[in-house]
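Take a look at the letters that make up each chain.
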Amino acid sequence: MPVPWFLLSLALGRSPVVFSLERLVEPQDTAYCSPGLSCHLWDGDTLCLPGSIVPVPGPVLVPTHLQTELVLRCHQETDCGICVRVAVHLAVHGHWEEPEDEETLGGAADQELEEPRNASLQAQVVLSFQAYPTTRCVLLEVQVPAALVQPGQSVGSVVFDCFEAALGGEMRIWSYTQPRYQKELNLTQQLPDCRGLEVRNSIQSCWALPWLDVSTYGDDVRLVLNVSEEQRFGLSLYWNQVQGSPKPWWNRNLTGPQTITLNHTDLVPCLCIQVWPLEPDSVRTDICPFKEDPRAHRNLWHAARLRLLSPRSWRLEAPCSLHAEAGLCWQALGGGPCQPLVPLLPWENVTVNEAREFPLLKGHPNLCVQVSSWEKLQLQECFWADSLGPLKDDVLLVETRRPHDSRSLCALEPSGCTSLPSRASTRAAHLGEQLLLDLQSGQCLQLWDDDLGALWACPMDKYIHKRWALVWLACLLFTAVLFLLLLLKKDHVKATTRGRATLLLYSADDAGFERLVGVLASALCQLPLRVAVDLWSRRELSAQGPLAWFHAQRLQTLQEGGMVVLLFSPGAVALCSEWLQDPAPAPGAHGPHDAFAASLSCVLPDFLQGRAPGRYVGACFDRLLHPDAVPALFRTVPVFSLPSQLPDFLGALQGPCARRPRRLGETVEQVSRALQQALDSCFQTPRAPGPGRTMGPEAGDQT
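Residues numbered from 1 in each chain as written. Predicted model: local features only at pLDDT ≥ 70, side-chain atom pairs only at ≥ 80, totals over all residues. Heavy atoms only, no water.

- As recorded in an unreviewed UniProt entry, the protein goes by the name Interleukin-17 receptor C, listed as coming from Propithecus coquereli.
- Note on the protein: under the UniProt heading Subcellular location (unreviewed entry), the record states "Cell membrane". (UniProt positions renumbered as here; feature names shortened; annotations may be inferred.)

Written as structure tokens, this is what we have:
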């Protein structure tokens, strides 16, 4: 169930509550005063012209205090209106003037002095009343007998009945004398609305007024309007601001009864509710139930904003008035709390929605504004961070000036203000002499200047750059070396993962030898090695020609750091001998797929010019050809007999830096077994002439 939110007090300032009011039946205004005084109310209203303050000629009557009381002025039993009774308390102000030369004037002066002292005092007291839509000024004439005239003493009061006013409005009362001897008294109070029981029964305009109840329901607030069905009324939610007129927030014309729900985040202390029937000249009821609500005060600070109006002015914006103080602080680049610039720039009270000036010469990104309430920080904004860029690595020098042209300097740091020069172990202390030189040479920016001191912002980035230049250079060098090593390692791993390129060249003596070459090529692919052989590229060989195909494969293999393998057979030895005797054989003498015959024109120059070692290896098969049968020119590179020298052959193909497979022995055994079986089949099967020996260009592709 909803819980009642508040009980609306119907008191008017310090006056009695409205539940039981005195009733006046006199239709005319009247005045009466304390015993011993005489007073008179002038007919009609007077002009509201206070005039200027004049010197006091002697003892005079002046108002000292205003007191109000609510009464009902009734024409009939149920036809009454609110009326404000005002009591003005009076006192004697000033003294009698003493004669300048009593001896010269003698007895005549004494007689003249006694006459005014025995006379009564008179005063014309003006009461000014303002309450929308009424403005009135009345004149009261008061006389005090001489016996009551004592300078500085109260003499009594005069009471005026009464100022008629509208319900729920605000009234202002002023009181002064004519002529005016001092500043006028003033009083501002809120008039009650129709929620008082006595008022509700006595004033006809309150009979049809919607009655409003405010309650909480969980996190929400409910406005319950208890009105009859089909009664039309107006409801307004507004912010009752201290400065300026109320600011409307929500207005609706509704038909009762109604229940309106507000989110708790919309509550602020100055949120007020006004309700009235939609009738001509209806009375409006205003209540502000959230003034003491803690949630409303928290929401108010959440809604408050600091706004920069110009480079030197700012404003605290909020829907309600706030008790707040503001001051400048310095926010260091390294973080930590913003340090207030006191006592040079003390905290000042802030008025909401009122522009304020910065006491600064220039702005700086590290200068911020802090707003606190009851010693608790509520807001902080670094205004110049947007226009002047992010926080800078500057140190703030605080100059304090003392009498006799003496001054002191300190650097504001998180640990406090470090005197310069100093032997402390802080950053500013280590650079104290350099900072003082920067200040003298004009390299620091002056932010504030006053008789009490000055503020200077000195850049620190150049010292940081000098200190860390070598460190950065070493880091960059280390990074470059590390990056280079990673690239080399990446290339090495990439090459290892892909396998070393290997190009097999052989002479196709017969079909059995070709099968032997195929077995060797397949075994090498398992090491892993990237093997290129014309057996697997017959279409490319036919399209490009043997010479072009070999040249492209040789160039790619050598560029990638691979190895070219010359597989010698009796036919290959015969071809090498022919080339060594006649390096220009007749075209068409060999088959179109005989890459060995076509490649000798490119291979021989490498051997003749000494470029073959490290790029070529030779190999022959056991029982098919002895290594000594290989021409001497080609024995300048290692020549291995397979499968007897298979481990050394595989090591030469993989290179010295290649990773050895963990099960290299098993791999060698498998390759050796496969080669041995292929060799045995070559000797058991009758050897038919190979395509390189018997087939012409018209034979076509064998694959």
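1. Things to note about the sheet that holds strand S3 (residues 30-33)
Part 1 of the reasoning: Taken in spatial order, the five strands make up an open sheet running S2-S5-S6-S9-S3, and their pairing is mixed. Only two strands of the sheet have a single partner each, and these edge strands are strand S2 (22-24) and S3. The average angle at which neighbouring strand axes cross in this sheet is 35°, direction not considered. (Pairing = 2+ DSSP bridges. Helix = DSSP H or I, 4+ residues; strand = E, 2+ residues; numbered from the N terminus. Axes fitted to C-alpha atoms, helices over the stretch in contact; angles between N-to-C directions.)

2. Side note on the packing of aromatic side chains
Part 1 of the reasoning: Tallied over the full model, the rule gives ten aromatic pairs.
Part 2 of the reasoning: Between Phe513 and Phe621, the ring centres sit 5.8 Å apart and the planes meet at 80°, which makes this aromatic pair edge-to-face. Here Phe621 lies in strand S35 (residues 616-621) and Phe513 lies in helix H9 (residues 511-524), a separation of 108 residues in the sequence.
Part 3 of the reasoning: The rings of Phe568, Phe607, Tyr616 and Phe634 are connected pair by pair, giving a single aromatic cluster. (Phe/Tyr/Trp six-rings, centres within 6.5 Å; stacked < 30°, edge-to-face > 60°.)

3. With respect to the pairing of strand S5 (residues 60-76)
Part 1 of the reasoning: Strand direction decides the pairing type here: S2 and S5, joined by three bridges, are parallel. Residue pairing in the sheet places Arg23 in a bridge with Leu72 of S5.
Part 2 of the reasoning: Where S5 and strand S6 (residues 79-93) come together, 15 bridges link them in antiparallel fashion. Looking across to S6, one finds that Leu70 is bridged to Val84.
Part 3 of the reasoning: The turn linking S5 back onto S6 is made up of two residues.

4. A word on the confidence of the model for the protein
Part 1 of the reasoning: Confidence along the protein averages 80 in pLDDT terms, with 83% of residues attaining 70 or more.
Part 2 of the reasoning: Below pLDDT 50 for its whole length, residues 1-18 participates in 43 contacts with residues either more than four positions away or in separate chains.
Part 3 of the reasoning: Contacts from residues 688-703, a stretch scored under 50 in pLDDT, to residues over four places away or in other chains number 34 contacts. (pLDDT = per-residue confidence, 0-100. Contact = heavy atoms within 4.5 Å.)

5. Concerning the sheet that holds strand S24 (residues 356-357)
Part 1 of the reasoning: The strand order across the open sheet formed by three strands is S19-S20-S24, and the pairing between neighbours is antiparallel. Across the chains shown, the open sheet's two edge strands, defined by having one partner strand only, are strand S19 (305-310) and S24.
Part 2 of the reasoning: Strand direction decides the pairing type here: strand S20 (residues 313-317) and S24, joined by two bridges, are antiparallel. Of the residues in S24, the one forming a bridge with Ser313 is Glu357.

6. With respect to the pattern of salt bridges
If charged atoms from side chains of opposite charge come close, those side chains can pair.
Part 1 of the reasoning: Applying the stated rule across the entire model yields 22 salt bridges.
Part 2 of the reasoning: Here Arg538 makes a salt bridge to Glu514, at a shortest N to O gap of 3.3 Å. Residue Arg538 is found in helix H10 (residues 538-544), and its partner Glu514 is found in helix H9; the two are separated by 24 residues along the sequence. (Salt bridge = Lys/Arg side-chain N within 4 Å of Asp/Glu carboxyl O.)

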